[in-house]
Amino acid sequence: MKLTLTILEGGYGIHRFAPDAVVPDTIQESRFYSVCRSDEELSIVCGADIDVNALQSEAGWRIIKIVGPLDFSLTGILASVAEQLAGEKIAIFALSTFATDYILVREENLAQAKRALQEAGHHFIST
């Protein structure tokens, strides 16, 4: 399957909090954010310019969006992108929403990731 992709503007950070931490209101200032809570942790992805007081933070990520909506019956979408990027030794952090998937790559790997995905037949558009 050939995918249509786009790169979201700006840099993003990935943050880890204690599992019982309160979600900071400041993340709502980010154009894109994701919150995931488990028994082990609270993880938040948000704009790198958003101030959060996390236990651990890693800045310098960019987001590649798979343009959707994607039907729930589709299989292997994330796997195909992950496999292509793994072949280039590019680490990813994946997120999914109801309508689509997002792949975070480190800023320094963005150009290489885009080139690898284009070589695999995927198409990038501007937003």
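Because the structure is predicted, anything quoted here is derived from the model rather than measured. (Residues numbered from 1 in each chain as written. Predicted model: local features only at pLDDT ≥ 70, side-chain atom pairs only at ≥ 80, totals over all residues. Heavy atoms only, no water.)

1. Details of the overall build of the chain
The cut-off we apply is this: In DSSP terms, a helix is any run of H or I states spanning at least four residues, a strand is any run of E spanning at least two, and both are numbered starting from the N terminus. Each radius of gyration reported is based on C-alpha atoms, and the globular scaling rule is 2.2 Å times the count of residues to the power 0.38. Here's how the labels work: a residue is buried when its accessible area is under 20% of the maximum for its type, exposed when over 50%, partly exposed in between, all with a 1.4 Å probe on protein chains only. Whether two residues are in contact is decided by their heavy atoms: any pair within 4.5 Å suffices.
Counting its secondary structure elements, the chain contains 2 helices and 8 strands. Listing every helix and strand of the chain by position from the N terminus yields β-β-β-β-β-α-β-β-α-β. Scaling as 2.2 N^0.38, a compact globule of 127 residues should have a C-alpha radius of gyration of about 14 Å, and the chain matches this with 15 Å. C-alpha atoms of the chain, sized along the principal axes, occupy 40 × 35 × 25 Å. Looking at the chain as a whole, 39% of its 127 residues are labelled buried. Taking the intrachain contacts of the chain between residues at least 6 apart in sequence as the baseline, contacts between residues at least 24 apart amount to 68%.

2. So, the side chain of Arg62
Note the cut-off: N or O atoms within 3.5 Å of each other form a polar contact, as long as, within protein, one can give a hydrogen and the other can take it, and as long as residues adjacent in sequence are counted only when both atoms are side-chain atoms.
Checked against the element boundaries, Arg62 lands in strand β5 (residues 56–66). Judged by its relative accessible area of 15%, Arg62 falls in the buried class. Polar contacts involving the side chain of Arg62 include one to the main-chain carbonyl oxygen of Leu8, which spans 3.1 Å. The contact partners of Arg62, leaving out residues within four places of it in the chain, are Ile7, Leu8, Glu9, Gly10, Gly11, Ile103, Leu104, Val105, Glu107 and Leu110.

3. Re the environment of Val81
Mapped onto the elements of the fold, Val81 is located in helix α1 (residues 77–87). Each C-alpha atom of the pair Val81 and Leu3 lies 9.2 Å from the other, and the pair is 78 residues apart in sequence. Among residues more than four places away in sequence, those in contact with Val81 are Leu3, Ile66, Ile103 and Leu117.

4. Topic: unusual backbone geometry
Glycine aside, residues mostly have negative phi angles, and peptide bonds mostly take the trans form. Phi at Lys89 takes a positive value of approximately 65°, unusual for a residue other than glycine. For Lys89, the position within the fold is in the loop between α1 and β6 (93–96). Residue Lys89 is classed as exposed on the basis of its relative accessible area of 75%.

5. What about the pattern of salt bridges?
The cut-off we apply is this: Basic side-chain nitrogens of Lys or Arg form a salt bridge, by our definition, when they fall within 4 Å of a carboxyl oxygen of Asp or Glu.
Evaluated as defined, the whole model comprises 3 salt bridges. Between Glu41 and Arg16 there is a salt bridge; the shortest N-O distance is 3.0 Å. Note that Glu41 is positioned in the loop between β3 (34–37) and β4 (42–47) and Arg16 in strand β2 (residues 12–17), a separation of 25 residues in sequence. On the accessibility criterion, Glu41 (24% relative accessible area) is partly exposed. Judged by relative accessible area, which is 35%, Arg16 ranks as partly exposed.

6. Some thoughts on the nonpolar core
Which entries qualify depends on this criterion: Each nonpolar core is a collection of buried residues, namely Ala, Val, Leu, Ile, Met, Phe, Trp, Tyr and Cys, held together in the definition by side-chain atoms within 4.5 Å.
Within the largest apolar cluster, 15 residues are counted, with the highest numbers of intra-cluster contacts made by Leu5, Ile64, Ile66, Val81, Leu85, Val105 and Leu117. The set of elements that each furnish at least two residues to this core consists of β5, α1, β7 (101–106) and α2 (110–119). Ignoring any residue separated from it by four or fewer positions in sequence, one finds Ile66 in contact with Leu3, Thr4, Leu5, Ile77, Val81, Thr100, Asp101 and Ile103. Tyr12, Ile14, Phe32 and Tyr102 belong to the second-largest nonpolar core, a separate cluster that totals 10 residues.

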